[in-house]
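Topology and contacts: notes
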Amino acid sequence: RSIWVRVPGTSANCGPGFDSIGLACTVYNDLQLQLTEAPGCRITINGAGAGNIPCDDRNIVWQSVQYLLKKAGLADTYKGAIIHMENNVPLSRGLGSSATAIVAGLKGANALINNRFTRRELLQFATDIEGHPDNVAPAIYGGFTISTVTRGDVECFTLIPKMRLKLVVAVPDFPLSTKKAREVLPKEVPMKDAINNIGRAGMLVAALCKGNEKFLRNVFEDALHQPYRAKLIPGMYDVFSAAKKAGALGASLSGAGPCLIAYCLQRRHVEDAVGQAMQEAFARHGVKANILSLE
Ligand code: HSE
C-alpha cells in the first residue's frame, strides 16, 4: 500500500516573530510513500532540488519516516521504504523545504500505520527533528501559526487571517543554509530590540485576527535577526523599501533567507508591481531573483 501526502511550503518569522511565527503558502511538495519489510530505501525525486537532495540514508524524508516508526515501535516491522518526491518548494531558499520533507515523512508514515499519532504529537516530533517549530507548525496546521517551546514542549496556535493577503516572494538564485544564517546571530540582544519585536509580534497577530489592516503598516520590522543576516543577502533592505513603495504592507526575510517576502492586500492588486520592484531592487545589487506570487 502506498500513500500520497501533500505538504505546503512555509515562511517563518514573518518579520518580528523569530522562531515562533510562521505561515503556510500555496507552493507544495508531494510525497509518495510505501513502507517495506525489506531493508533499505529507494528514493526518486522530480522538480526543485532534484540532483541536490541526497537519495540515501541522509535523506530527510527517510530519516523522518524512520523516526516515526521507531516512536511507534515498528522499526523492526518496516525496515525500508519506497519514496518518490514531486517538489515545487525551492531548496535552501527560506521557504521551509526541510520542514516539508520532515512533515511529509512523518505524516505519510503515520497514515500508513493508521494514524497512531495525533497532529499534536507529529508537531512535537517535527519540532524535535528540526530544532525550531516555526516552519513545521504551519506545514502541519496551515494558515498562520504562533508556536512556543516550553522546556521542550511545543504548543501551537493557528489562525486564518481576517483579510485576504497576497504573498510576493523574491527567490534569489543562490542558496543559503539555515545553519550558516543562524551562525551570524548574536547570543544576546539589547533590551530595546526585544521590546521592538514583542510589540510588533503582538500587534501583527492581533491585526490578523481582527482584520485590522491599518495596524499592519510597521509590524513586519524586526530587530532580532534581520540586521545580522543583512550581510548575507545583498540589497535586502533596499528590496524591502522597494516592495513597500510599490504598495506592499511590508516585507521581511523569509525564514533564514535568502528569499524575501512582501505582504500585500489582495484587494489592492499590487502584487505584479511589487514583484517587479523587488526584482529590480535585487538586480541593482547584482542578484538575479525569480518572483513567486503566492497566497
Ligand atoms: N526561524 C528560523 C530562522 C527559520 O530564522 O533561523 C529557519 O527556516
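As annotated in an unreviewed UniProt entry, the protein carries the name Homoserine kinase and comes from Selenomonas ruminantium. The UniProt entry for the protein carries the following text under Pathway (unreviewed entry): "Amino-acid biosynthesis; L-threonine biosynthesis; L-threonine from L-aspartate: step 4/5." One UniProt comment on the protein, placed under Catalytic activity (unreviewed entry), says "L-homoserine + ATP = O-phospho-L-homoserine + ADP + H(+)".

**Description of the overall build of the protein**
A count of helices and strands for the protein gives nine helices and 10 strands. In terms of overall dimensions, the protein has a C-alpha envelope of 60 × 40 × 40 Å along the principal axes. Within the protein, counting contacts between residues at least 6 apart in sequence, those at least 24 apart form 72% of the total.

**Side note on the pairing of strand β7 (residues 165–172)**
Counting buried residues along β7, seven of its eight residues qualify, which places the element largely inside the surrounding structure. Sheet topology note: the β7/strand β9 (residues 260–265) ladder contains six bridges and is antiparallel. Of the residues in β9, the one forming a bridge with V168 is A262. In the sheet, β7 pairs with strand β10 (residues 289–294) via six bridges, with the strands oriented antiparallel. Paired with V169 across the bridge in β10 is L292.

**A short note on the UniProt feature "binding site: ATP" (unreviewed entry) in the protein**
In the numbering used here, UniProt assigns the feature "binding site: ATP" (unreviewed entry) to P90, L91, S92, R93, G94, L95, G96, S97, S98, A99 and T100. Inspection of the secondary structure assignment puts L91 in the loop between β4 (80–87) and α2 (97–112). On the basis of neighbour count, L91 is assigned to the partly exposed category, with 17 C-beta atoms found within 10 Å. Not counting residues up to four positions away in its chain, the partners in contact with L91 are A48, G49, N52, I53, S97 and P175. Setting aside anything within four residues of it in sequence, one finds S97 in contact with G49, V89, P90, L91 and S92.

**A few points about the sheet that holds strand β8 (residues 250–253)**
Judged by pairing direction, the sheet is antiparallel, and its four strands sit side by side in the order β8-β9-β7-β10 without closing on themselves. Looking at the sheet topology across the chains shown, the edges are occupied by β8 and β10. Strand-to-strand twist in this sheet, taken as the mean axis angle between neighbours without regard to direction, amounts to 20°. Relative to β8, helix α8 (residues 236–245) is tilted by about 155°, and along the sheet it contacts β7, β8 and β9. Packed on one face of the sheet, helix α9 (residues 271–284) meets β7, β9 and β10 and runs near 20° to β7.

Calculation rules
Residues numbered from 1 in each chain as written. Predicted model: local features only at pLDDT ≥ 70, side-chain atom pairs only at ≥ 80, totals over all residues. UniProt positions renumbered as here; feature names shortened; annotations may be inferred. Helix = DSSP H or I, 4+ residues; strand = E, 2+ residues; numbered from the N terminus. Contact = placed C-beta atoms within 7 Å. Buried ≥ 20, exposed ≤ 12 C-beta atoms within 10 Å, placed from the backbone. Pairing = 2+ DSSP bridges. Axes fitted to C-alpha atoms, helices over the stretch in contact; angles between N-to-C directions.

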